[in-house]
Amino acid sequence: MGSKTGEEDPGETLTQHHQILAAVHAGNMEQAQASHVYSYTHGFTGFAAKLTQHQASQISKMPGVVSVFPNLKRRLHTTHSWDFMGLVGEETMEIPGFSTKNQVNVIVGFIDTGIWPESPSFSDANMPPVPSRWKGQCQSGEAFNASSCNRKLIGARYYFSGYEAEEEEAVNTVSFRSPRDSSGHGSHTTSTAAGRYVKNMNYKGLAAGGARGGAPMARIAVYKTCWDSGCYDVDLLAAFDDAIRDGVHILSLSLGPESPQGDYFNDAISVGSFHAATHGILVVASVGNEGNQGSATNLAPWMITVAASSTDRDFSSDIVLGDGTNFTGESLSLFKMNASARIISASEAFAGYFTPYQSSYCLESSLNRTKARGKVLVCQHVESSMESKLEKSVVVKEAGGVGMILVDEADKDVAIPFDIPAAIVGRGTGDQILAYVNRTRKPVSRIFPAKTILGSQPAPRVAAFSSKGPNALTPEILKPDVTAPGLNILAAWSPAVGKLQFNILSGTSMSCPHVTGIATLIKAVHPSWSPSAIKSAIMTTATTLDKQHKPIIVDSEGRRGNAFDYGSGFVNPVRVLDPGLVYDAHPRDYISFLCSIGYDMKSLHLITRDNSTCHETLFRTPSALNYPSITVPNLNDNFSVTRTVTNVGKPKSIYNAVVSSPIGINVTVVPNRLIFNHFGQKIKFSVNFKVAAAAAAAATSKGYAFGSLSWRNKKSQVTSPLVVRVAPSNMGLMR
């Protein structure tokens, strides 16, 4: 019956509803009351009742009735990220027009913190025998033996030597000297990519419903290299080495170096993934959680690097102030405040040697218990680490606080399982709450337990914590490559941590396995495709628009995103199996790339262990690598980039070039029409960039400019981002 019109008396509303029902029960009030199920009197007006079709039709014609609809059964949704991206189904994850049943023959390796093999996400019910190509093993260890593996989890190993060599003291405290997961991270990433369908997955009742990974019938091999304090290079390299030999098809790494990343071959992940790529294994890695411009890591062109975005599901708590104002904040806290309590800025509760400014950040020991006891504290936050947010709720709790509002400028969208009733708000909301506190004689507030919100917009948004380009090592290679869901993702967990079977986490660690799952489905349908063809399909079918067809924005500043935030865009698993054209590259192309950035024969041999030389290669610049995105970081006047596309669509097809030029740059494509006559045919084209005289001064002083090149026909759209920066010497010059 529409939205609320004011403060109606619930008793009167109920009477009104009974009267409407009596009208379709021949005036019988007893029957009307018996048929009544619910009255809705808070957010909107309406009621639920048991009615015949005829009675429903009668009510629908009454004045003031907006709509009458049947009480349909809805399915609970959880690993909501896959539904959000358009992949539905429980075990099949089929993509219309294709069969992905062959995923049972695809083996996905995870280099992470291990696995909790008893989790229902890793059940092998109804799975066929292990593929014959598998050469790996199930390594026994503490609380883990050969029978811990099954037809789903077909291999598990752990690597300890590098950790042991570096952290002698920590070695004695390590839990599970085996592939068993003591931190939860590995189980979470593995189940996101390839977990089985689990009927009732939830986090303490939130986000309840069925959940599954992207490739639920694929095989899993686990390489535990990460321990309490991190993952050491020597252990990582041993894992890569074993994985290549064991027969994995895809490797997933939700880990990486700190930025700035070292040279490609001073970095174990770059080295290990180079060798994996030369053996035909696609490596998927996370871009990092540092959030600043130029902080992207896992920069090598032979891996696919993933940024993090939201879905349209949030977890939030209501914050109600004494004057009736209601705000929402992000939270996973299910703790309850039974009544409103006095609210103060944490700066008012400063203790001992701390200044009010320091105490406003709720640092350890900074709060005076007498001043904080029984109150809701408004704390400030600057760092991006999630642990420090959780710790602040512990500090407030220990000082006797009954609730916390955390004002966070950076990533307010990350929900945290606080130790007390608490929620995160952005700077604007924080200012409004503090203004209320400052102008009110006895300000009070109440924080409600977290709830699941579906349909939040805009979505997807790039998460504030997601590391961004440009590529600090080789600016000619755009990183990240794509973005995928990485905010508030529910997946399997290790009960060794908090006795939870499932948990909600945020990070590029969570977005990486989404792309791993998609890559697995592509491998299932196109087993002969090279790692770079799979990567190209994922990149060229991605979108830079959100669900409402508006440009994707970046939290929390709400600015319009660009290729440094999301690479080619947000992944679209429904389109990846039929990309039309792919940009393929082979190991020899990566050797040419290394020559173009200055590797000499000696260093090349150390890497390749073969007789490759730089004489055979024609790359003058790293821009010449046949990459699905094009970056020209130093445009002097004009510059040409050559690319080759391979037809993987209809044998006879024609594509036309559609260019959106970066501001201040003229872009031409030659030829601008590609005519294919057979499947597998390759066609070369060049993209020419020229500084536009009149626009040179205005447009390029801002640094990088962004555009795109799409090859289109009626069926396909193969899109590459164009990223250009005019060389500094050119700035402001008119020709």
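How each quantity is defined
Residues numbered from 1 in each chain as written. Predicted model: local features only at pLDDT ≥ 70, side-chain atom pairs only at ≥ 80, totals over all residues. Heavy atoms only, no water. Helix = DSSP H or I, 4+ residues; strand = E, 2+ residues; numbered from the N terminus. Rg over C-alpha atoms; globule rule 2.2 N^0.38 Å. Buried < 20%, exposed > 50% of the residue type's maximum accessible area, 1.4 Å probe, protein only. Contact = heavy atoms within 4.5 Å. Areas by Shrake-Rupley, 256 points an atom, 1.4 Å probe, with all protein chains shown as cover. Axes fitted to C-alpha atoms, helices over the stretch in contact; angles between N-to-C directions. Nonpolar A, V, L, I, M, F, W, Y, C, P; charged D, E, K, R; others polar.

Let us now look at the overall build of the protein. Across its full length, the protein holds 19 helices and 34 strands. Against the globule reference of 27 Å for 735 residues, the protein gives a C-alpha radius of gyration of 28 Å, in line with a compact fold. Relative to its 735 residues, the protein shows a buried fraction of 56%. Contacts spanning at least 24 positions in sequence make up 73% of the contacts within the protein whose residues lie at least 6 apart. Total accessible area on the protein stands at roughly 30,500 Å², and carbon and sulfur atoms take up 53% of it.

So, about the side chain of Ser445. Here Ser445 shows up in strand 19 (residues 444-447). On the basis of relative accessibility, which here comes to 0%, the residue Ser445 falls in the buried class. The residues touching Ser445, leaving out its near neighbours within four places in the chain, are Ile319, Val320, Leu321, Met337, Ser340, Ala341, Ile343, Val376 and Ile405.

Further remarks concern unusual backbone geometry. Cis geometry is found at the peptide bond from Ser259 to Pro260, where omega equals -5 degrees. Relative to the assigned elements, Pro260 resides in the loop between strand 10 (250-253) and helix 9 (268-278). A cis amide bond, omega -5 degrees, links Lys479 with the succeeding residue Pro480. Position of Pro480 relative to the elements: it lies in the loop between strand 20 (451-454) and strand 21 (482-485). Of note, Ala207 is a non-glycine position whose phi angle comes to about 60 degrees, a positive value. If you trace the backbone, Ala207 turns up in strand 6 (residues 206-211). Under the relative-accessibility criterion, Ala207 is labelled buried at 4%. Even without a glycine there, the phi angle at Asn488 is positive, about 55 degrees. Its place among the elements puts Asn488 in the loop between strand 21 and strand 22 (489-492).

Two numbers describe how helix 9 lies on helix 17 (residues 587-596): the axes approach to 9 Å, and their chain directions differ by 145 degrees. In this structure, helix 9 contributes Phe274, Ala277 and Thr278 to the contact, and helix 17 contributes Pro587, Tyr590, Ile591 and Leu594. Residue composition of the contact of helix 9 with helix 17, grouped by class: six nonpolar, one polar and no charged.

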